[in-house]
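Close look at the chain arrangement
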Amino acid sequence: MKRRDFIRAAVGAAAIWPIAARAQTFPSHSITLIVPFAAGGPTDVLARILAEHMRQTLGQTVLIENVTGASGAIAGLRAARAAPDGYTLTIGHWGTHVLNGAVYSLQYDVLNDFEPVALVGNGPQLIIGRPKLPAKDLRELIGWLKGNKATAGTAGPGSGAHVAGVFFQNLTETGFTFVPYRGAGPALNDLMAGQIDIMFDQATNSLPQVRGGTVKAYAVTSRTRLASAPEIPTVDEAGVPGLYIAYWHAIWAPKNTPADVVAVLNAAVRVALADAAVQRRFLELGQETPPPERQTPAALKAHQSEEIAKWWPIVKAANIKAE
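Let me sum up the structure you'll find in this document. Note that residues are indexed from 1 along each chain, following the sequence as it is written. Whole-chain, interface and lining totals are the exception, using all residues; otherwise, since this is a predicted model, local features are given only for residues with pLDDT of at least 70 and side-chain atom pairs are given and counted only at 80 or more. Hydrogens and water molecules were not included; the side-chain quantities draw on all heavy atoms of the structure.

**Quick word on helix H11 (residues 276–284)**
An α-helical turn contains 3.6 residues, so a residue and the one three or four places further along point in the same direction. N-cap assignment for H11: the residue whose side-chain oxygen lies 2.7 Å from the backbone N of Ala 277 is Asp 275. The first or second residue beyond H11 is Gly 286, which carries a positive phi of 80°. Polar contact is defined as a pair of N or O atoms within 3.5 Å, subject to the rule that within protein one atom must be able to donate a hydrogen and the other to accept it, and that residues adjacent in sequence are counted only when both atoms are side-chain atoms. A run of DSSP states H or I qualifies as a helix once it reaches four residues; a run of E qualifies as a strand once it reaches two. Both are numbered from the N-terminal end.

**Comments concerning the nonpolar core**
Formed by 53 residues in total, the largest nonpolar core has its most connected members in Trp 94, Ile 127, Leu 138, Leu 141, Phe 168, Trp 248 and Trp 311. Residues Phe 26, Leu 89, Ala 268 and Val 269 belong to the second largest nonpolar core, which totals 31 residues. What is meant by a nonpolar core is a set of buried Ala, Val, Leu, Ile, Met, Phe, Trp, Tyr and Cys residues, joined one to another through side-chain atoms within 4.5 Å. The rule is simple: take the accessible area with a 1.4 Å probe, protein chains only, and divide by the maximum for that residue type; under 20% is buried, over 50% is exposed, in between is partly exposed.

**Observations regarding the sheet that holds strand E2 (residues 62–66)**
Paired through their backbone hydrogen bonds, the strands of a sheet run either parallel or antiparallel. Spatial ordering of the open sheet is given by E2-E1-E3-E10-E4, a layout of 5 strands whose pairing is mixed. Each having just a single partner strand, E2 and strand E4 (114–121) make up the two edges of the open sheet. On average, each strand axis in the sheet is tilted by 25° relative to the strand beside it, whichever way the strands run. The pairing of strand E1 (residues 31–35) with E2 spans 5 bridges and is parallel. Bridge pairing links Leu 33 to Ile 64 in E2. Residues are treated as being in contact if the distance between any of their heavy atoms lies within 4.5 Å. An axis is simply a line fitted to the C-alpha atoms; with a helix, the fit covers only the stretch in contact. Between two such axes, the angle follows the N-to-C directions and lies from 0 to 180 degrees. Together, E1, E2, strand E3 (88–93), E4 and strand E10 (249–254) form the strand contacts of helix H2 (residues 42–58), whose direction differs from that of E2 by roughly 160°. Note on pairing: DSSP must find at least two bridges between two strands before they are called paired.

Okay, structure coming up:
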């Protein structure tokens, strides 16, 4: 099947917008995918897996541009101000496209200044502890936290780890001190060294340490166990029902990108997500592929809106502001 026929079939199967004349020639040159974090990190790795597969489908190179700083806000502004022609996209997640809107005074709107393309992955957090923490399970950990002066590492004020920790405190009536770091990596290093007690970290980031036995895993913050780590109980099973937190990832285009162009991009993403090799690599990173009905632009818009409605009040009640 020719590339254009393949895209037509994928768009048609998705029951989304029809391809108009403009999309017949899109894309005619390379596409830039802005990644709001440094090369080698979880989001960057996911982006490169998708970019390589999309290149094969679209017949054009998908270039990765790492734009770091301000927890993704600098990349967000760059993407929001890009030409709405489909040739500049951004990948982001729960932190960049939900939490940043409550933590930072942004020059763009995280919801309304972008056109949703597709939800690409759902990665819950892990509740992890230092290797010699005496608590054997999550219930024991909660008891230990209530009886000891504990510390939790974060990637800074307003980071996903920080907000998740606040949510955990609210649900469990525990108290502990947050220790900010310049990223999750340094915090995880100190956790392994026993310098801090606990962390709420992306499974993508900390699964290798869990598998290596250098940190303890107490629970995964989702309704179901991770396919890549089925031995870790869910928060419901571990005794804190409803502690659902996910570092979901998605792709957006600038606001006013034509619907037919978005349709072609969405189709290329969906083709990638249907590939068993891509799914396997995502699972290795702690990211599960969303079902097809959640891969549409409308589904992404609805999901992002629901997440904003859930998390912004928590952030604002805790008076979390970027430093």
